[in-house]
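Structural characterization, general
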Amino acid sequence: MNKKLKLAVQKKGRLSEKSIGLLRNCGLEIENFQERLIVSASNFNLEVLFLRDDDIPEYVQENVAHIGIVGENVVLEKNLDVEIVKKLGFGRCTLSLAIPEKNKVTNIQDIQNKTIATSYPNIVRNYLNENGVEAKVIELNGSVEIAPSLGVADYICDLVSTGNTLKQNKLKKSFNILNSQAVLIKSKKLDNYDELKILYRKLLDRIESSLKAQKSKYIMMNVPKDSLKEIIKIIPSLKSPTILPLADENLLAVHAVIFEDKFWEINEELKQAGASGILSIPIENIIL
Ligand code: ATP
Ligand code: MG
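Quick caveat: nothing in here was measured; it's all calculated off a predicted structure.

**Some points on the coordination of the magnesium ion (ligand 2)**
Only D53 (OD) and D54 (OD) from the protein coordinate the magnesium ion (ligand 2), and they sit 2.0 to 2.1 Å from it. The class of D53 is buried, set by a relative accessible area of 19%.

**Comments concerning the packing of aromatic side chains**
Per the stated rule, a full pass over the model turns up 2 aromatic pairs. On the basis of an interplanar angle of 35° and a centroid distance of 6.4 Å, the ring pair of Y127 and F175 is categorised as tilted. Of this pair, Y127 sits in helix α4 (residues 121-130) while F175 sits in strand β10 (residues 171-180), and the two are 48 residues apart along the sequence. For the pair Y127 and F175, a shared accessibility class is recorded, and that class is buried. Residues F263 and W264 carry aromatic rings whose centres are separated by 5.0 Å and whose planes lie at 75° to one another, so their mutual orientation is edge-to-face. A residue is classified by how much of its surface remains accessible, and F263, at 7% relative accessible area, is buried. W264 sits in the exposed class, given a relative accessible area of 63%.

**Structural notes on the sheet that holds strand β12 (residues 216-224)**
What the 4 strands build is an open sheet, ordered β13-β14-β12-β15; its pairing is antiparallel. In the strand order of this sheet, the two ends are held by β13 (242-245) and β15 (276-282), each with one partner. The average undirected angle you get between the axes of adjacent strands in this sheet is 20°.

Thresholds, definitions, all that
Counting from 1, residues in each chain are numbered in the order their sequence is written. Chain A is the first chain written and ligand 1 is the first ligand written, with later ones labelled in order. For a predicted model such as this one, the threshold for reporting local features is a pLDDT of at least 70, and the threshold for listing and counting side-chain atom pairs is 80 or more; totals across whole chains, interfaces and linings nevertheless cover every residue. Note that the side-chain values use all heavy atoms of the structure and ignore hydrogens as well as water. Water is not part of the atom set, so a site may look incomplete; the donors themselves are N, O and S atoms within 2.8 Å of the metal, or 3.2 Å for Na, K and Ca. With a 1.4 Å probe rolled over the protein chains alone, any residue whose accessible area is under 20% of its type maximum counts as buried; one over 50% counts as exposed, and the rest are partly exposed. Think of it this way: a Phe, Tyr or Trp ring, Trp meaning its six-membered ring, pairs with another when their centres are within 6.5 Å, and the plane angle makes it stacked under 30 degrees, edge-to-face over 60, tilted otherwise. Here a helix means four or more residues in a row that DSSP labels H or I, a strand means two or more in a row labelled E, and each is numbered from the N terminus. Should DSSP find at least two bridges between two strands, the strands are regarded as paired. Where helices are involved, their axes are fitted lines through C-alpha atoms of the stretch in contact, as for all axes, and angles between N-to-C directions lie from 0 to 180°.

In structure tokens, the structure reads:
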């Protein structure tokens, strides 16, 4: 039997493009996905299901989709029996408490006995419980920001990235309750299917390679022979840097992979140590 691994992604929204982008970085060919709800990859035993993001944890819990890509905020709110396998580094946002501009809340105790409107009642209730604070939580499914001006709630708890929507509604961010990003989730029932498990491991390996590559750059530079030892100390290369001779006998070419978060610091140090002509290029994949 030629079983297909089923992966759920958001059909239309903030996570859609990057979810498909990640799969394409893993070498999967997925076409015409705008028009259909289920699309097969043409070069991997994979079917992609396009769903509302809120439904993804449930589909995965029931093993209808074996794995899924969805915001951690949605997974925690639904609180279903699925495994969070990996943070994917996109779709970052924070679930924050926001209060009217004229108010002041300095710590969690200040919200005792207040009313909070949110689309994330479970996460908010857990947070209040963990902090020993009692407050009334009202669930709203959209336009949460207008609740304080309508007198429905004192404060709100909502996803914030730029804060512009808050400003338009005369609200300000007070403190963060959760930092979220897109995650890969997996059905706990998947382990019962050997064939699917193999496909899953294969896809996960590719996803991990692609994430590693996104965080890395390949750099190349020319180095005076005398500075080689010092330069090598600066480069935290994956294994060992590549060293090549050049036509100019006093120089060597050094190639290495470095992590992007240190990119600028390392470049400055390399320059100071005598490196010149430093080139950097993005990496598509890293297979260790
Ligand atoms: P659907 O129609 O699939 O239910 P939606 O309207 O519920 O879509 P989107 O607004 O597309 O969802 O957001 C999807 C996810 O994107 C959120 O659950 C969250 O994890 C992430 N996200 C990233 N930045 C933001 C942001 N600024 N505001 C809201 N969500 C964000
Ligand atoms: Mg939704």
